[in-house]
Amino acid sequence: MITLYDYFRSTAAYRVRIALNLKGLDYQQARVNLLRGEEAGDDYRAINPQGLVPALAVEDGVLSQSLAILEFLDELHPDPPLLPGNALRRAHIRALAQMVACDIHPVNNLRILSYLTGTLGIDEGQKLAWYHHWIDEGFRAIERRLEQAAGDGPYCFGDRVTLADLCLVPQVYNARRFELDLTPYPRIVAIERHCLGLDAFERARPENQPDAG
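Cut-offs applied
- Residues numbered from 1 in each chain as written.
- Predicted model: local features only at pLDDT ≥ 70, side-chain atom pairs only at ≥ 80, totals over all residues.
- Heavy atoms only, no water.
- Axes fitted to C-alpha atoms, helices over the stretch in contact; angles between N-to-C directions.
- Helix = DSSP H or I, 4+ residues; strand = E, 2+ residues; numbered from the N terminus.
- Left-handed = near helix turned anticlockwise from the far one by under 90°.
- Contact = heavy atoms within 4.5 Å.
- Nonpolar A, V, L, I, M, F, W, Y, C, P; charged D, E, K, R; others polar.
- Salt bridge = Lys/Arg side-chain N within 4 Å of Asp/Glu carboxyl O.
- Buried < 20%, exposed > 50% of the residue type's maximum accessible area, 1.4 Å probe, protein only.
- Core = buried A, V, L, I, M, F, W, Y, C linked by side-chain atoms within 4.5 Å.
- Disulfide = S-S within 2.5 Å.
- 1 Å grid on protein atoms, 1.4 Å probe; cavity = no way out; pocket = protein on both sides within 12 Å on 5 of 7 lines; lining within 4 Å.
- Points joined across faces, edges and corners; volume = space filled by probe spheres on them.
- Lys, Arg positive; Asp, Glu negative; His and termini not counted.
- Arc of directions from axis to C-beta.
- Phe/Tyr/Trp six-rings, centres within 6.5 Å; stacked < 30°, edge-to-face > 60°.

Colleague: Requested: an account of the packing of helix α5 (residues 110–117) against helix α6 (residues 124–148), with residues and values cited.
Modeller: Orientation of α5 relative to α6, taken along the N-to-C sense of each, is 140 degrees, at an axis distance of 10 Å. Handedness of the α5/α6 crossing: right-handed. Mapping the contact onto sequence places Ile112, Leu113, Leu116 and Thr117 in α5 and Glu124, Lys127, Trp130 and Tyr131 in α6. By residue class, the composition of the contact of α5 with α6 is 5 nonpolar, 1 polar and 2 charged.

Colleague: So what's going on with the pattern of salt bridges? Residues and values would help.
Modeller: Under the counting rule described, the total for this entry stands at 10 salt bridges. Across the pair Arg205 and Glu202 runs a salt bridge whose closest N-O atoms are separated by 3.2 Å. We classify Glu202 as partly exposed; its relative accessible area is 31%. If you follow the salt bridges from partner to partner, you end up with Glu202, Arg205 and Glu207 in one network.

Colleague: Would you mind going over the nonpolar core in detail, with residue names and values included?
Modeller: Looking at soluble globular proteins, one finds that nonpolar side chains tend to be buried together. Counting 51 residues, the largest nonpolar core has Leu20, Phe139, Ile142 and Leu168 as its most contacted members. Per-element tally for this core: the top contributor is helix α7 (residues 163–177), with 9 residues. In this view, Phe139 contacts Ile104, Leu168, Gln171, Val172, Ala175, Leu180, Leu182, Tyr185 and Ile188; residues no more than four positions away in its chain are not counted. In this structure, Tyr7, Phe8, Ala55 and Ala57 belong to the second largest nonpolar core, which totals 9 residues.

Colleague: Account for the state of the cysteines, naming residues and giving values.
Modeller: The tally for this structure, following the rule as stated, stands at 0 disulfides. Cys167 supplies the cysteine sulfur nearest to Cys102, a cysteine that is in no disulfide, at a spacing of 8.4 Å.

Colleague: Mind laying out the layout of surface pockets, listing which residues take part and the relevant values?
Modeller: Of the pockets and cavities examined, the largest pocket occupies roughly 850 Å³. Lining the largest pocket are 36 residues, with Leu34, His105, Asn109, Leu110 and Arg111 positioned closest to its centre. Elements represented by at least two residues in the lining of the largest pocket include exactly α1 (11–22), α3 (66–76), α5, α6 and α7. Per-element accounting of the lining of the largest pocket gives the leading share, 5 residues, to α5. Taken together, the residues that form the lining of the largest pocket break down as 14 nonpolar, 14 polar and 8 charged.

Colleague: Go over the environment of Gly37, please, and point to the residues and values.
Modeller: The residue Gly37 is located in the loop between β2 (27–31) and α2 (42–47) in this model. Here Gly37 falls in the partly exposed class, since its relative accessible area comes to 29%. It is 16 Å that separates the C-alpha atoms of Gly37 and Ala13, two residues lying 24 residues apart in sequence.

Colleague: So what's going on with the side chain of Arg145? Residues and values would help.
Modeller: Turning to its location among the elements, Arg145 is positioned in helix α6. Within the buried set, Arg145 has no salt-bridge partner at all; the shortest N-O distance to an opposite charge, 9.7 Å, is to Glu147.

Colleague: An account of α3 is requested, with residue identities and associated values reported.
Modeller: Three or more residues of α3 are buried, namely Ser66, Ile69, Leu70, Leu73 and Asp74. Projected down its long axis, α3 shows its buried positions confined to an angular sector of 135 degrees, all on one face. α3 presents Glu75 and Leu76 as exposed residues on the side facing more than 90 degrees away from its buried surface. Of the surrounding secondary structure, the elements contacted by the buried residues of α3 are α1, β3 (55–58), β4 (61–64) and α7.

Colleague: Provide a residue-level description of the packing of aromatic side chains, including the pertinent values.
Modeller: In the structure shown here, the tally under the stated rule is 6 aromatic pairs. Both rings, one in Tyr5 and one in Tyr44, keep their centres 5.9 Å apart while their planes meet at 50 degrees; by these two values the pair is tilted. Of this pair, Tyr5 sits in strand β1 (residues 2–6) while Tyr44 sits in helix α2; the two residues are 39 residues apart in sequence, bridging distant segments of the chain. Taken individually, Tyr5 and Tyr44 each receive the classification buried, so the pair is uniform in this respect. Both rings, one in Tyr131 and one in Phe178, keep their centres 4.3 Å apart while their planes meet at 20 degrees; by these two values the pair is stacked. Of this pair, Tyr131 sits in helix α6 while Phe178 sits in the loop between α7 and α8 (186–196), placing them 47 residues apart in sequence. Here Tyr131 and Phe178 have matching classes, each one buried.

If you want it as structure tokens, here you go:
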């Protein structure tokens, strides 16, 4: 049995939930409550020394880092592929995924925001301004990239879901949660809408997780 160490609002864990659903894989969820600091406890650090979610326990060990997990799942279960096409197309898909996972997400996740308000003492208004600045900068670049990559399909790269969509949709969820105006990003919003029409994305949504209550 696959076990996903998860927190319902974690966008990185959200990506992995979508992939597991797309691949039709059975898995169980182990809740790691970030608001209670459970990720910093000895029990979870023994599973993932970095103390982050997600972690994925499989037969041969435990994996961390969502992009590594996604590519692992794609290699073992290649249908449907998250990285379709030739080498150049796969590089473009990875690049857009990394624009979210490596440039937007790391400066706006919970531990960074908590450090800003706790250790550095900024107020909630300043925290929100920080969040909006970095996601706006990232989304402006992604929107332009999507215009360049425009095809005849409803997703980031044509007519099939890719790794890029798995990273983008959770980040849009977070942008909505922090009340970012998404009007300047019509392609991003349209992609999110199409993706959320798929069962794999719907079941992965934060509000549909067991720990969302």
